[in-house]
Each structure stands twice: as C-alpha cells, then as structure tokens.
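One letter stands for each residue in the lines below.
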Amino acid sequence: MDRKKRRGALRLGAIGRAALLLMTLAAALPPGPADASESVFAVIDGETVSESQFQTFLLQFARSKFYHRVPEGGLEAVKSEAAEALILQRLLVHEAARRGLEEDPEAVNRQMARLEERYKGTEAWEQIQADEAQLRTALIERSKVSALEDAVRQVKDPGDEALTVFYRDNIERFTEPSRANLKVILIGVPPWETAATWEKARQTAETVAADIIAGASFEEKAREISTHASAAQGGDLGFIHSGMLSASAQEAVDRLGEGELSPPVKVLEGYTLFRLEERSAPQIREFAEVRDRVLKLYQREHSETRWSGFLADLRAKADIVIPGEEGTAKVE
C-alpha cells in the first residue's frame, strides 16, 4: 500500500462510524447539477446523477449490508441492488417535492445536535462541519420522504363491516390454540454426557413409567426423582399452548388422551415422561373482544400493501435513462 493510500485508510479508521453516517447522508444527492465533466450514471425524472455520486452511494450501501467486504462474486448483484435503491430514493424525494411536503426543521436540528453532542472535538466532527450544508440538505430530504411515507401508509379505521370481514378471513389469528394441562418427570442428563449415561437415563425413565402404570403416584415420583423445576409441585406444568414444547415432546403430547402417560421422550435436558391431565379445545375470541387487535393488524397489513404498491407504481411511471457506457451500472 503506497503512502497516499495508507493515509486514506488511517483517516477512514479514525473517522469511523460517524464518517460513514455522513457519507451515507451525502449520498442522498442534494439538489444541484452534476459536474458536466463527469460520466452520467442515470437521469431520473430529469435529475442527473453522476457516476461518482453513485459510487459514493454504492460504497455505503455495500458497507451497510456486509460491513467488511462484499462476498466474492457478489459485486454485480450488490451494484444492481444499490442502483435500484438509489433510483427509488431519488423518486421519493421528487414525489415529496411534487406534493409540497414540508420538512420537520426541529427533527433536523435535533439530529444535528445529537451529532454535535456525540462527535464534537473529534476528526469526524471536523468533517461534519465542513459538509454541514450538504448534510442538512440530506436530512431535510429524509424528513420530507418520511412525511411522504407516513401519508401513504396512513390507514384509517374502516368501520366494523370491513373489520368483521378481515376478522373472519383471518379467524385463526384470533383463535386461542388448544392447550394441554401437563405433568412432567425429567430424568436430567447434561448434553455432553456419554451415550452410556443417556441410555441409563432412558432405562430409568422406562422403570419410572412402569411403576406409575402399576399404580405408583406420578406426583410422588416427580418429587422423588425429577430434576425439572416443577418437581416440588409434583411435576405440574399447568396449561401449555401448542408449540411451547420441543418438537419431539409436542409430538408425544399430541398423541395422548386425558390421563395417559407418554413413553420416555428424549429432549435436550434428558428424558421426560408426560401425563396429560386435560386438553382444552381451541377458543375463537369474539370480534368485540379483539376489535382493537383486529384494527391494528388490518392497518399494518394495508399499510404495507399501500406502501409497496405505491413504490411499484412510482417506479413504473418514472422516466429513467441509464447510459450503457462501460463501467456504468445498469438497472433493468
């Protein structure tokens, strides 16, 4: 590495995350004509983006995804993804301007104040001060795009009729799953123990199961031999929702009828015996009980649908020209 490159590397290391933040914001491309002497990356709805502007954005985009380095053979895919992200960013800025959306100056000032509080007196702060105008412009653009996203994503309460349809179409999301009232005995084995130790634990579980089937008290056996935290309560786990147990344990429990004892089941902690005391049926919650949750889920899903549709429409209607010069990224 020559001296000039070494100085650059040392400077980047000294600046660290703050400089990366600054460069990322600088890549937001504040309004202004690109240098006529530079090659053009793209013309996006009339705004010219230079190749150097794209390369700055690409550098930070790659760092945000991979931090250290792009995986071997993955550069072209990252360039394509970064190009699309940059195009979409500029389209959002243009749309926010077209709608006349206002920035949030207080939010911008707060962000600048946080940067000063964190980095004042450092080399990073010197760079931030040098590029403050560009940084503020980038933050203003982000503020306007944030306002645009909030406006697009806004979903009002559609009323009971629409929410009831959503509730019925997603009834499983408003249904309490079946629950099993279980008792357990655990013959504990540390995971690192030998196969012989595990086999001895399995045999112990078999013996305990045989004793219980012959009339021994499950609860007394749990208190006597179980290493589970529930041993003092006679192995009582209370009601367990489906999915709370390991796959092997859940499968064994699902086969049990009320009052039945499972065979020994190998789990991470050792071998277990389960007895099913009671199984409750799934319970559908009434709409009136869960209306608030129905509304939140409805708004979340429709918000995502509106935003993704808006982005797709914005991209489809855009007038984008990307020169096919060698070394210039292309977006299909």
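Residues numbered from 1 in each chain as written. Predicted model: local features only at pLDDT ≥ 70, side-chain atom pairs only at ≥ 80, totals over all residues. Heavy atoms only, no water.

1. Brief notes about the environment of Leu86
Selection rule: The helix count covers DSSP runs of H or I at least four residues long, the strand count covers runs of E at least two residues long, and both are numbered beginning at the N terminus.
With respect to the helices and strands, the residue Leu86 is situated in helix 3 (residues 75-98). A sequence separation of 29 residues divides Leu86 from Phe57, and the C-alpha atoms of the two residues are 7.4 Å apart.

2. Quick word on the pattern of salt bridges
Keep this limit in mind: Here a salt bridge means any side-chain nitrogen of Lys or Arg lying within 4 Å of a carboxyl oxygen belonging to Asp or Glu. Burial classes: relative accessible area under 20% of the type maximum marks a residue as buried, over 50% as exposed, and values in between as partly exposed (1.4 Å probe, protein chains only).
A full pass over the atoms with the stated rule returns 23 salt bridges. Arg99 is paired through a salt bridge with Glu95; the nearest N and O atoms lie 2.9 Å apart. In this structure Arg99 comes out as partly exposed when scored by relative accessible area, which is 38%. According to the relative accessible area criterion, Glu95 is buried, its value standing at 10%.

3. Let's talk about the packing of helix 3 against helix 11 (residues 287-317)
Selection rule: Throughout, an axis means a line fitted to C-alpha atoms (over the contacting stretch in the case of helices), and angles, computed between N-to-C directions, take values from 0 to 180 degrees. Each angle is binned into one of four classes, with values under 35 degrees roughly parallel, values over 145 roughly antiparallel, values of 65 to 115 roughly perpendicular, and all other values oblique. A contact between two residues is defined here by any heavy atoms of the two lying within 4.5 Å. By the convention adopted, Pro, Cys, Tyr, Trp, Phe, Met, Ile, Leu, Val and Ala count as nonpolar, Lys, Arg, Asp and Glu as charged, and the other residues, Gly among them, as polar.
With their axes 10 Å apart at the nearest point, helix 3 and helix 11 run at an angle of 95 degrees to one another. As the angle between them shows, helix 3 and helix 11 are arranged roughly perpendicular. Contact residues: helix 3 offers Glu84, Ile87, Leu88, Leu91, Leu92 and Glu95, while helix 11 offers Trp307, Phe310, Leu311, Leu314 and Arg315. In terms of residue class, the contact of helix 3 with helix 11 is built from eight nonpolar, no polar and three charged.

4. Observations regarding the sheet that holds strand 5 (residues 236-241)
What counts is decided by this rule: By the convention used here, strands pair only if DSSP detects at least 2 bridges between them.
Pairing is antiparallel in the open sheet, where four strands are placed in the order 5-4-7-6. Looking along the sheet, the strands with just one partner apiece sit at the ends: strand 5 and strand 6 (265-267). With direction set aside, neighbouring strand axes in the sheet form an average angle of 45 degrees. Pairing between strand 4 (residues 179-188) and strand 7 (residues 270-280): ten bridges, direction antiparallel. When the bridges of strand 7 are listed, Ala180 appears paired with Arg279. Sitting on the sheet, helix 8 (residues 195-213) is in contact with strand 4, strand 6 and strand 7, with an inclination near 35 degrees to strand 7. Against the sheet, helix 10 (residues 247-254) engages strand 4, strand 5, strand 6 and strand 7, with an angle of about 155 degrees to strand 6.

Honestly, that's just the spatial picture; any functional story needs more than this.
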